[in-house]
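Chain and residue survey
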Amino acid sequence: MRKSSPTAAASMLGFAIVMSPFADLQATELKILAGGSMTGSLNELGPQFERASGHKLTIHFDSTPNLIKQAASGEPFDLAVVPVDVFKDTAAKARFLPGPTIDIARVGYGVIVRAGTPKPDVSTPEALKQTLLNAQSITFLPESAAGAYVLSVFLRLGISDAMKAKTKPQAALPQIAQAVAKGEADLGIFLVSVLIAPGVELVGPFPAELQQELVFTSAVAADSKNAEAAKAFISYLTTPAAAAVIKAKGMNPG
């Protein structure tokens, strides 16, 4: 008989605690919008919630611009776990219940290289600048909230034009680490949770002077027919058991 790991056991205990007030809820399907950088965390937490609650989750992961478009489109969904930037868009924000959102996770930016290759210095703004200028190529996802911040860092360092010639843009988050692992780009630059992948190694986070955490926050859709189940899932994401998973995926809970 297979024994549950301590983490799994703690997770199930957390579910038992959070699900007890909703034990009488009829099982339903929850449609969720989520930031791509939450993929690792939600792909682990989602199935656990499904087993404990009986609900089924359908999660659509995407970049911030696309999440804004989807939220504002009028297409039905039940809740979102998305970058706070989504709620800065008036049309998107109008799709959610009024009131404060609930922060689920936050994560800063970092740099990766191919596993086994030398790790350059990124400990200070000047060191990061020289590392970027010395690289033959870099990769990230420009068409995203996180990508926009990376571009702003280039601007602050005065190397925007130089980086344009070196950048190999990606269209999906997993492709950032994959490109570095395959040797298609010297450096990968993005949110740390996205950069944790096989075949690459984290050089380090951005220096404190340039670091900024992207916050992922959650709210229930105003027209959701499954609002109580949606609230139950959000409640679970704030439990210590869920926080442990979020931390293991390279993010900071809350």
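Right, let's walk through the structure included here. (Residues numbered from 1 in each chain as written. Predicted model: local features only at pLDDT ≥ 70, side-chain atom pairs only at ≥ 80, totals over all residues. Heavy atoms only, no water.)

Another aspect to go through is helix α8 (residues 174-181). Turning to α8, its buried residues are Ile176, Ala177, Ala179 and Val180. For α8, the angular spread of buried residues about the axis comes to 155°, placing them on one side. In this fold, the buried residues of α8 make contact with β5 (109-114), β6 (138-139), β7 (187-191), α9 (192-195) and β8 (200-205). Gly183 sits one or two residues past α8 and shows a positive phi near 80°. (Buried < 20%, exposed > 50% of the residue type's maximum accessible area, 1.4 Å probe, protein only. Helix = DSSP H or I, 4+ residues; strand = E, 2+ residues; numbered from the N terminus. Arc of directions from axis to C-beta. Contact = heavy atoms within 4.5 Å.)

Under the counting rule described, the total for this entry stands at 6 aromatic pairs. Between the aromatic rings of Phe49 and Phe233, the centroid separation amounts to 4.9 Å while the plane-to-plane angle is 70°, which identifies the pairing as edge-to-face. With Phe49 in helix α2 (residues 39-53) and Phe233 in helix α10 (residues 227-237), the pair connects residues that are 184 residues apart, well separated along the chain. Note on accessibility: Phe49 and Phe233 belong to one class, buried. With centroids separated by 5.8 Å and ring planes inclined at 85°, the aromatic side chains of Phe140 and Phe154 adopt a geometry described as edge-to-face. Within this pair, whereas Phe140 is found in the loop between β6 and α6 (145-157), its partner Phe154 is found in helix α6, the two being separated by 14 residues in sequence. (Phe/Tyr/Trp six-rings, centres within 6.5 Å; stacked < 30°, edge-to-face > 60°.)

Another point: the packing of α2 against helix α11 (residues 240-248). Two elements in contact, α2 and α11, have axes separated by 8 Å at closest approach and are oriented at 145°. Crossing geometry of α2 relative to α11 is assigned as right-handed. Side by side, α2 and α11 meet where Ser41, Glu44 and Leu45 of the first sit next to Ala242, Val245 and Ile246 of the second. Broken down by class, the residue content of the contact of α2 with α11 amounts to 4 nonpolar, 1 polar and 1 charged. (Axes fitted to C-alpha atoms, helices over the stretch in contact; angles between N-to-C directions. Left-handed = near helix turned anticlockwise from the far one by under 90°. Nonpolar A, V, L, I, M, F, W, Y, C, P; charged D, E, K, R; others polar.)

A few words now on the pattern of salt bridges. Counted according to the given criterion, the structure contains 6 salt bridges. Lys249 is paired through a salt bridge with Glu44; the nearest N and O atoms lie 3.3 Å apart. Pair noted here: Lys249 is in the loop between α11 and β10 (252-253) and Glu44 is in helix α2, with a separation of 205 residues, a long-range link. Two residues, Lys164 and Asp161, come together in a salt bridge whose shortest N-O distance is 3.9 Å. Within this pair, Lys164 and its partner Asp161 are both found in helix α7 (residues 160-166), separated by 3 residues, close to a single helical turn. A relative accessible area of 64% places Lys164 in the exposed class. In this structure Asp161 comes out as exposed when scored by relative accessible area, which is 61%. (Salt bridge = Lys/Arg side-chain N within 4 Å of Asp/Glu carboxyl O.)

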